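Inside the fold
Each chain is listed here by its residues.
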Amino acid sequence: MQALAVVTGLVLATFAVRTVPLTRDGIEMLAVVDITGSMNVRDYQRADGTAASRLDTAKAALRELVSQLPCGSRLALAIFTERRPFLLFTPIEVCRDFSPLDGALGSLDWRMAWEGDSRISAGLFRSIEMAASLGTDLVFITDGQEAPPLPSIGGPSYEGKAGAVRGLIVGAGGTALAQIPKFDDRGRETGFYGETDVQQENRFGPPPTDAENRPGYDARNAPFGGTAAKGTEHLSSVREPYLKTLAGETGLAYAHLDGPGGLLRPLLDAGTPRPLPGSLDLRPLLGSAALALLLAVFAVRPLRALVRRGGSRPLRWKKA
């Protein structure tokens, strides 16, 4: 009888109780995804063991992140190629607009690129400006490979205020050099880039300090030497030291993209907490508790009777 009284009380409470107000930390961010050629390198693995490209893994990680963000959080999306980001849409709410947001992330493609160059630092600096104009944090996903490579004097310096925009640089790709897929003008894969297919050295600005020791060096006519540069720019790996340097200059945090998941915690640690008003409805919890207790009451009584009957029966031995 006491259990039934508790059940009745729980049922009545579902009609009387009100929602409990609460506040959660949400996120407002601009996600910028590098879609240049090296992001087609397949140095990740899917759950079924098949190879996945850096771009596909970045897309999967963002889709997983959106599904984990609390309602009220907002996300804007941009793509990066050449030297600037291109904004696809301004911040939208991740729950109410989940379907179109998830579809947009899934549709990102390297064919959207308008130029083949990949000037990472310039794209990052402009992405920071874009995030500031939108009033959001920044998630910038790239493998960090500059194309053409940086000159001997290094890349441009960040002229903004470090830390004015919070967020995360996410390094995509493995640490081992891997081949970059090559495609024709119809988007069909035709092999991999070779050493002579890409620029191995940036010969803009002053030559490096060892230029005088190169074959064919002439201070006026061949300040970089008289032979073609050799290198590994036709291969690709995540340029983690470079990306960490950019993170330090801009005041952003750095995280490596280990797979389709794992972006939520680094983003929450690096981003700006944005309180979101919300509420907790206790009625489903109270109703579930009442139902569970009611089922227990009606299940325990027959079970006890069955145990008593079974225990009162004498044991009968069969003859051999």
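Description of the structure in this document. The numbering scheme is per chain: residues are counted from 1 as the chain's sequence reads. In keeping with the model being predicted, local features are shown solely for residues with a pLDDT of at least 70 and side-chain atom pairs are shown and tallied solely at 80 or more, while totals for entire chains, interfaces and linings include all residues. In computing side-chain values, all of the structure's heavy atoms are included and hydrogens and water are not.

1. Remarks on the pairing of strand β8 (residues 167–171)
Two faces belong to every sheet, and in a regular strand the side chains alternate between them. Under the convention used in this document: Here the term buried applies to any residue with accessible area under 20% of the maximum for its type, exposed to any over 50%, and partly exposed to those in between, with areas from a 1.4 Å probe on protein chains only. Helix and strand assignments come from DSSP, with helices taken as H or I runs of at least 4 residues and strands as E runs of at least 2, each series counted from the N terminus. Should DSSP find at least two bridges between two strands, the strands are taken to pair.
The buried fraction of β8 is high, at five of five residues. Because side chains alternate across β8, one face comprises the buried residues G167, I169 and G171, and the other comprises L168 and V170, equally buried. Strand direction decides the pairing type here: strand β7 (residues 137–142) and β8, joined by five bridges, are parallel. From the neighbouring strand, L138 faces β8, where its bridge partner is G167. Pairing geometry for β8 and strand β13 (residues 253–256), over four bridges, is parallel. Residue pairing across strands places I169 opposite Y254, the latter belonging to β13.

2. Brief notes about the sheet that holds β7
Keep this limit in mind: For every element, the axis is a line fit to its C-alpha atoms; helices are fit only across the contacting stretch, and the angle between N-to-C directions ranges from 0 to 180 degrees. Contacts were defined at the residue level, with two residues in contact if any of their heavy atoms lie within 4.5 Å.
Spatially, the six strands line up as an open sheet ordered β6-β5-β2-β7-β8-β13, and their pairing is mixed. Either end of the sheet is taken by a strand with one partner, and the two such strands are β6 (84–93) and β13. Between one strand and the next, the sheet's axes are offset by a mean angle of 20°, whatever the strand orientation. Taken together, the seven bridges between strand β5 (residues 74–81) and β6 define a ladder with antiparallel strand orientation. Counterpart to L77 in the pairing with β6 is F89. Relative to β6, helix α3 (residues 98–106) is tilted by about 160°, and along the sheet it contacts β5 and β6.

3. Description of the side chain of Q145
Rule in force here: In protein, a polar contact requires one atom able to donate a hydrogen and another able to accept it; more generally it is a pair of N or O atoms within 3.5 Å, and residues adjacent in sequence count only if both atoms are side-chain atoms.
In this fold, Q145 is placed in the loop between β7 and β8. Polar contacts involving the side chain of Q145 include one to the main-chain carbonyl oxygen of L235, which spans 3.2 Å. Not counting chain neighbours up to four residues away, the residues in contact with Q145 comprise S38, S118, I120, I180, E233, L235, S236, S237 and R239.

4. Some details on the layout of surface pockets
Heads up, the condition is: Using only the protein atoms, space was sampled on a 1 Å grid; points where a 1.4 Å probe fits but cannot get out form cavities, open sets with protein on both sides within 12 Å along at least five of seven lines form pockets, and lining residues are those with an atom within 4 Å of a point. Grid points are joined across faces, edges and corners, and a volume is the space filled by probe spheres set on the points. Each residue receives one of three labels: charged for Asp, Glu, Lys and Arg, nonpolar for Ala, Val, Leu, Ile, Met, Phe, Trp, Tyr, Cys and Pro, and polar for the others, Gly being one of them.
Here the largest pocket defines a volume of roughly 580 Å³. Around the largest pocket, the lining is made up of 27 residues, and of these G37, S38, G116, A147 and Y193 lie nearest the centre. With three residues, the top contributor of residues to the lining of the largest pocket is strand β10 (residues 181–183). The class makeup of the residues in the lining of the largest pocket is eleven nonpolar, nine polar and seven charged.

5. Quick look at the state of the cysteines
Note the threshold: Cysteine sulfur atoms that come within 2.5 Å of each other are treated as a disulfide pair.
One pass over the full model with this rule turns up one disulfide. At a sulfur-sulfur separation of 2.0 Å, the disulfide partner of C71 is C95. What sets the handedness of the C71 and C95 disulfide is the S-S torsion sign, and at about -90° it is left-handed. Here C71, found in the loop between α2 (54–68) and β5, pairs with C95, found in the loop between β6 and α3; they are 24 residues apart in sequence, far enough to count as distant. We classify C71 as partly exposed; its relative accessible area is 39%.

6. Some words on the packing of helix α4 (residues 120–134) against helix α5 (residues 240–250)
Our working definition: Should the near helix be turned counterclockwise from the far one by less than a right angle, the crossing is left-handed, whereas a clockwise turn marks it as right-handed.
The geometry of α4 relative to α5 is characterised by a closest axis approach of 12 Å and an angle of 35° between their N-to-C directions. Crossing geometry of α4 relative to α5 is assigned as right-handed. Of the residues in α5, those in contact with I120, S121, L124, F125 and I128 of α4 are Y242, L243, L246, E249 and T250. Each residue belonging to the contact of α4 with α5 can be placed in one class, and the counts come to seven nonpolar, two polar and one charged.

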